[in-house]
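Chain by chain, the residues:
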Amino acid sequence: YSAPIKHGNEFDVVYVRHIVKGETTKTQLIKWFGQPFSKNTISGNEEKWIYTYTQGEAKSGLLSTDIDMQTSVLDLYLKEDVVINYTYNETKDAL
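About the criteria used
- Per-chain numbering applies: the sequence of each chain, read as written, is numbered from 1 onward.
- A pLDDT threshold of at least 70 governs which residues receive local features in this predicted model, and a stricter bar of 80 or more applies before side-chain atom pairs are shown or counted, although totals over entire chains, interfaces and linings include all residues.
- No hydrogens and no water enter the side-chain calculation; it runs on all heavy atoms of the structure.
- The rule is short: rings of Phe, Tyr and Trp, with Trp giving its six-membered ring, pair when the centres are within 6.5 Å, and they are stacked under 30 degrees, edge-to-face over 60, tilted in between.
- Only DSSP runs of H or I covering at least 4 residues are called helices, and only runs of E covering at least 2 are called strands; the numbering of each starts at the N terminus.
- Relative accessibility under 20% of the residue-type maximum defines a buried residue, over 50% an exposed one, and the middle range a partly exposed one, all with a 1.4 Å probe and only protein chains included.
- We call two residues in contact when some of their heavy atoms are within 4.5 Å.
- Strands pair, by our definition, only if DSSP identifies at least two bridges between them.
- Salt bridge, as applied in this entry: a Lys or Arg side-chain nitrogen positioned within 4 Å of an Asp or Glu carboxyl oxygen.

### Details of the packing of aromatic side chains
Taken as a whole and judged by the stated rule, the model has six aromatic pairs. Arranged with centres 6.0 Å apart and planes meeting at 85 degrees, the rings of Phe11 and Phe33 form a pair that is edge-to-face. Here Phe11, found in the loop between strand E1 (2-8) and helix H1 (26-33), pairs with Phe33, found in helix H1; they are 22 residues apart in sequence, far enough to count as distant. In terms of burial, Phe11 and Phe33 fall into one category: buried. Ring plane angle 85 degrees and centroid distance 6.2 Å describe the contact between Trp32 and Phe33, whose orientation is recorded as edge-to-face. For the residue pair Trp32 and Phe33, the accessibility class agrees, reading buried in each case. Through a chain of ring-to-ring contacts, the aromatic side chains of Phe11, Tyr15, Trp32, Phe33 and Tyr51 assemble into a single cluster.

Have a look at this one:
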């Protein structure tokens, strides 16, 4: 038996390389990636946006269950609607 695993909002990682600190705007982020998975206000004009998506498959046999997952996380810090800093990480796990 196998079952798909999906969590978060799928986003196109191709556009990550187009992000320019001090130049890329909220409008561009939404155009490229859609709405973020989460938004947090840090102060009046500072925000943290997170795009995250996990996909994989759980496979179950008679004596064990195996899970293969891939997670992509784009973490952005914005000030006055412009990206000030960001990180992008992709991980693959087998459990």
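### Description of unusual backbone geometry
Look at Glu80: it is not a glycine, yet its phi comes out positive at around 50 degrees. Here Glu80 lies in the loop between strand E4 (65-79) and strand E5 (82-94). Phi is positive for Asp81, close to 70 degrees, though the residue is something other than glycine. Among the structural elements, Asp81 can be located in the loop between E4 and E5. With a relative accessible area of 41%, Asp81 lands in the partly exposed category.

### A look at the environment of Ile50
Positionally, Ile50 belongs in strand E3 (residues 46-60). As for Ile50 and Ile67, which are separated by 17 residues in sequence, their C-alpha atoms are 24 Å apart. If we ignore the near neighbours within four places in the chain, the residues touching Ile50 are Pro36, Phe37, Ser38, Val73, Leu74 and Asp75.

### Details of the pairing of E5
Along any regular strand the residues' side chains alternate between the sheet's two faces. Direction of pairing for E4 relative to E5: antiparallel, over a ladder of twelve bridges. Its bridge partner being in E5, Asp68 is matched across the sheet by Ala94.

### Thoughts on the pattern of salt bridges
Scanning the entire structure with this criterion turns up five salt bridges. Close ionic contact of Glu47 with Lys26 constitutes a salt bridge, the shortest N to O distance being 2.5 Å. Here Glu47, found in strand E3, pairs with Lys26, found in helix H1; they are 21 residues apart in sequence, far enough to count as distant. Glu47 gets classed as buried once you look at its relative accessible area, which sits at 17%. With its nearest N and O atoms 3.1 Å apart, the salt bridge here joins Asp81 to Lys26. Placement of the pair is Asp81 in the loop between E4 and E5 and Lys26 in helix H1, with a sequence separation of 55 residues.

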